[in-house]
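What the coordinates show
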Amino acid sequence: MENPSRPIFLWILFGLSVNIALAALSVRPSDTVSVVGTETYFDCASTIKNQSIEWYHYPIGTSEQKLVYGHNRFHLPYLGRFHLKVYNMTGAYRSNLLITDVTEGDAGVYECQDDGGLGNKSQAQLTVLHSEPLCSSNMTSGEVIVGVNNCGFTPEAVKFSCSVKYTGKTPPTLEWIRVGQNAPLADGVAFNRTSDTVTADLTLEGVSSTDGQSFTCRAAKTSTSTEFFSCSSGVVSIWHATNKFSLTEKKLNESVNCEEENSVHRSLCSYEWTKSDSKGEAVVSTEPAMRPDSLGLYRCTINCTVKRQPCSINRMMVNVVDPGSMNGFLLQTTTQTYEASYKSAFIVVLILFIILIILIVGLGAAVFICRKKKRQYRNANSLMMEENNEKKGEIQKLQNELEEERRKYNKLKSNDAMEGPGFDGMLAKAQAQWAREREVLLKRLEDLKKGPVGVEYLAKPKLRGIIKTAASSSENKSIKGVALFNNELYIISQKESKVEVYDSTSLQLCRTWKQEELTCPEDACACIRNRCLYISENKQHVKEILRIDPNGKIINKWQTGNEVCRLSVSSDATVVAVVHDNSKLMEYSADGNHIRTHDLSLVNIEHPMHALKLRTGNYLIIHGYLEDTIHRMCEMDVGSNRIAKSFGREKGRGDDQLSNPSCLAVDREGSVMVADATNGRIVLLGSNFEFKRKIVTKEDGINIPTRILLDEFNRTLYVGDYKSNDRVLYAFEIE
């Protein structure tokens, strides 16, 4: 009799075999080369959609397996120097491992492996260069290699050397190329490899005129990469000169030139014109071209230093003859004298006319510039008056509210029927609130009386203090948003419904309130005009913005339909939000009514992180994330829907580059501060986006700045910082 459980067992075995067969790695990591201090990444993809992938590291000299990173199909925050980007693609589920600020200890084998127990894995080597390749040469700077034909010198050999130190199992491949060409040189290249150094020597025997160019030594990042780490050897300077002696005749003030037709290394050669007449021989010019102003015999000589030896060549002899045929010079007849006088008068009139035209053009330009400056002054004055009127209205509103608080305080104080500890607490709370609002009012009144004041930042910021939130201390949660209202800092934390409120002067915790609607807050900002906070909330199925009063009570809320990244409040009290994944900018009224939406992808803005609305109506936007090509800050002209100006280009560490910019702030003069996250610095730019300096750096204690908030009244810059085991808010005095 046939066993009834046998078919079931066969079907289970068949299903497991099909699942294992299908679960292959469609994209496997490749061996790569990186330099200390830069970044690198590995690709890996599974054919099973939503299949989790883990990364392991086998350091050099050990077979011990080290788990580097795993994931659960969500974008994860920074985890030290290792980052993971996960995304679905047709027929595969890709998981890229990014390593920033590479060290020598990162060298070794990296293995990507699905964590479904199916055993699919693939390995790749990481070789870490201690520095970029170093080039040297046996030439002195600017030395001429090929000599003058008539000086008897023969071509000599040139040797370039390129070396690089590395850590890794596989040594890097060095190759020499001519600048402007991509094919590696084979002839004259010799290699020497040790356990930690690779050297490539290029020797050019019998240098010819075709060798007069630069050579580059490079190391490829991967076997199929078009990106390289490289160094330049310098230029092989070639000079060929021939002793073309000639004798010509010229007239007075007729130009004559004896410059060598072939390429000349001018830094090692000089020209000398000498004149021979009845008085003897004398030097009259040291330039290749001249205009002889008297009769005589002129000779041009080229003096060069070839292989550190002098060499002279006679190039030209010029005999200056009687200039009687020259227009009006040394004339012989009366008719010719009149003609010369007429021509001289015409030349004088022509010169005066040209001078008059120049004066008229200069005067017109001066008038135009003056009018332009006057218009700019009027516009600036109009903006200043508008700002002062806005401040006056705001102060009047605060005065009315302050008077209301004072009446409430006096009413409580004069109520004889109320007494006891509860009453004393209410009285003390009202008195403290009144004192805080009075301090803010006095500061703003003082600022209004002073008028616009220039900003002068400290050469080095002073650390006022550090705030470590309760959420960070207990669960190491990062700071998601910081807002300033009435001298109080409101701090929201990752996946936390509690909001911690600190005094902005003492940096001490004042109070904590909880709002149950907050489960996954992303950012926060404050509106002084409407006396409220705005907090973006990204629940799994509901994306919304909450308008909350300073004590945690919801005034209203509205859905955005997209996962909002950062918030800001404009000068006209509208709310500006950016959508990171879909590259959109949305603007709402104070009550949540939709005003407009901009598709930023139409102006080549990908993954925006933060946006501010300027008084002109334009938007200031930062964008660039992980593998994006462009990381920059730009101003978008709303009228033409184009980029008006920008700062930054490809991701990098230079003064004109950014890497994962995360947050913006603008001071009263229009200067911009950018949190340059991966580079660990706060960059200060002028109103025209010109680089001024780095205002806060890693030397001041920060690591990865994710949030910044400028408090101009207290001359303080607050920086929300991300470390793997310490997420804090720094307060720097910068002005």
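This text gives an overview of the structure that appears in the document.

The rules we used
- Residues numbered from 1 in each chain as written.
- Predicted model: local features only at pLDDT ≥ 70, side-chain atom pairs only at ≥ 80, totals over all residues.
- Heavy atoms only, no water.
- Helix = DSSP H or I, 4+ residues; strand = E, 2+ residues; numbered from the N terminus.
- Buried < 20%, exposed > 50% of the residue type's maximum accessible area, 1.4 Å probe, protein only.
- Contact = heavy atoms within 4.5 Å.
- Areas by Shrake-Rupley, 256 points an atom, 1.4 Å probe, with all protein chains shown as cover.
- Disulfide = S-S within 2.5 Å.
- Patch = residues over 30% accessible without salt bridge, like charges linked within 9 Å, V, L, I, M, F, W, Y side chains within 5 Å.
- Salt bridge = Lys/Arg side-chain N within 4 Å of Asp/Glu carboxyl O.
- Lys, Arg positive; Asp, Glu negative; His and termini not counted.
- Charge placed at Lys NZ, Arg CZ, Asp CG, Glu CD.
- Pairing = 2+ DSSP bridges.
- Axes fitted to C-alpha atoms, helices over the stretch in contact; angles between N-to-C directions.
- Polar contact = N/O pair within 3.5 Å; in protein donor to acceptor, adjacent residues only side chain to side chain.
- Phe/Tyr/Trp six-rings, centres within 6.5 Å; stacked < 30°, edge-to-face > 60°.
- Lys NZ or Arg CZ within 6 Å of the ring centre and 35° of its normal.
- Core = buried A, V, L, I, M, F, W, Y, C linked by side-chain atoms within 4.5 Å.

This next bit is on the overall build of the protein chain. Check the secondary structure of the protein chain and you find four helices and 50 strands. Within the span of the protein chain, comprising 735 residues, buried residues form 43% of the whole. In the protein chain, of all internal contacts separated by at least 6 residues, the share reaching a separation of at least 24 is 54%. Put simply, the protein chain shows about 38600 Å² of open surface, and 52% of that area lies on carbon and sulfur atoms.

Take the state of the cysteines next. Evaluation of the coordinates by the stated rule reveals three disulfides. Each sulfur of the disulfide joining cysteine 162 and cysteine 217 lies 2.1 Å from the other. Between cysteine 162 and cysteine 217, the S-S dihedral sits near -70°, and the bridge is therefore left-handed. Residue cysteine 162 is located in strand 13 (residues 158–167), and its partner cysteine 217 is located in strand 17 (residues 214–220); the two are separated by 55 residues in the primary sequence. Each member of the pair cysteine 162 and cysteine 217 is classed as buried.

In this section: a positive patch on the surface. A cluster of basic residues, Arg371, Lys372, Lys373, Lys374, Arg375 and Arg378, forms a positive patch on the protein surface. Along the chain, arginine 371 falls in helix 2 (residues 334–414).

Ordered by their spatial adjacency, four strands build an open sheet running 27-50-49-48, and the pairing between neighbours is antiparallel. In the strand order of this sheet, the two ends are held by strand 27 (462–467) and strand 48 (705–711), each with one partner. On average, adjacent strands in this sheet sit at an angle of 20° to one another, irrespective of strand direction.

The buried fraction of strand 40 (residues 608–613) amounts to six of the six residues, a majority that puts the element mostly inside the structure. Pairing geometry for strand 40 and strand 41 (residues 619–623), over five bridges, is antiparallel. When the sheet's bridge partners are listed, histidine 610 is paired in strand 41 with isoleucine 622. The antiparallel pairing of strand 40 with strand 41 creates a hairpin that spans five residues between the two strands, and glycine 617 there sits at a positive phi of about 100°.

What follows is about the sheet that holds strand 41. Across the sheet, which stays open at both edges, the four strands sit in the order 40-41-42-43 with antiparallel pairing between neighbours. The open sheet terminates on both sides in strands that have one partner only, identified here as strand 40 and strand 43 (642–650). Pairwise comparison of adjacent strand axes, ignoring direction, gives a mean angle of 15° for this sheet.

Next up on the list: the side chain of asparagine 660. Mapped onto the elements, asparagine 660 comes out in the loop between strand 43 and strand 44 (661–666). At 2.7 Å, the side chain of asparagine 660 forms a polar contact with the side chain of threonine 678.

Glancing now at the packing of aromatic side chains. Given two aromatic rings, one states the distance between the centres and the angle between the planes to describe the pair. Taken as a whole and assessed by the stated rule, the structure comprises seven aromatic pairs. For the pair phenylalanine 160 and phenylalanine 215, a centre-to-centre distance of 5.6 Å together with 35° between the ring planes defines the contact as tilted. Separated by 55 residues along the polypeptide, phenylalanine 160 in strand 13 and phenylalanine 215 in strand 17 bring together distant segments of the chain. For the pair shown, phenylalanine 160 and phenylalanine 215 are each scored as buried. Seen from their ring centres, tyrosine 534 and tryptophan 558 are 6.2 Å apart, and the 65° between their planes marks the pair as edge-to-face. Residue tyrosine 534 is located in strand 33 (residues 532–538), and its partner tryptophan 558 is located in strand 35 (residues 554–559); the two are separated by 24 residues in the primary sequence. Linked through ring pairs, Phe42, Trp55 and Tyr110 together constitute an aromatic cluster. One cation-aromatic arrangement involves lysine 645 over phenylalanine 689; the distance from NZ or CZ to the ring centre is 4.9 Å.

We now examine the nonpolar core. Counting 25 residues, the largest nonpolar core has Leu585, Leu620, Ile621, Met633, Leu664 and Val674 as its most contacted members. Where this core is concerned, the elements lending two or more residues are strand 37 (575–579), strand 40, strand 41, strand 42 (630–637), strand 45 (672–676) and strand 46 (681–685). For this core, the element with the most residues is strand 41, which contributes four residues. Ignoring anything within four residues of it in the chain, the contact list for methionine 633 reads Leu620, Ile621, Ile622, Ser646, Phe647, Leu658, Leu664, Val672, Val674, Leu685 and Phe689. Among the nonpolar cores identified, the runner-up in size contains 20 residues, and Cys162, Trp176, Ala200 and Cys231 belong to it.

A word on the pattern of salt bridges. Should their charged atoms come close, side chains of opposite charge can pair. The tally for this structure, following the rule as stated, stands at 30 salt bridges. Here arginine 707 and aspartate 523 are joined by a salt bridge, their closest N and O atoms 3.6 Å apart. You can see arginine 707 sitting in strand 48 and its partner aspartate 523 sitting in strand 32 (residues 521–527), a full 184 residues away along the chain. Look at aspartate 523 and you get buried, because its relative accessible area is 4%. When salt bridges with common partners are traced through the structure, they connect Glu517, Glu537, Lys539, Glu544 and Lys557 into a single cluster.

Residues in a regular strand point their side chains to alternate faces of the sheet. Within strand 45, five of the five residues are buried, leaving the element largely enclosed by the surrounding structure. Here strand 45 shows a buried face lined by Val672, Val674 and Asp676 and a second buried face lined by Met673 and Ala675. Two strands pair when backbone bridges link them, and strand 44 and strand 45 are joined in this way by five bridges, in the antiparallel orientation. Looking at strand 45, one finds that alanine 665 is bridged to methionine 673. Between strand 44 and strand 45, which pair antiparallel and follow one another directly, the connecting turn spans five residues, one of which, glycine 670, has a positive phi of 90°. Linking two consecutive strands that pair antiparallel, namely strand 45 and strand 46, is a turn of four residues; a positive phi of about 65° is found at glycine 680 within it.

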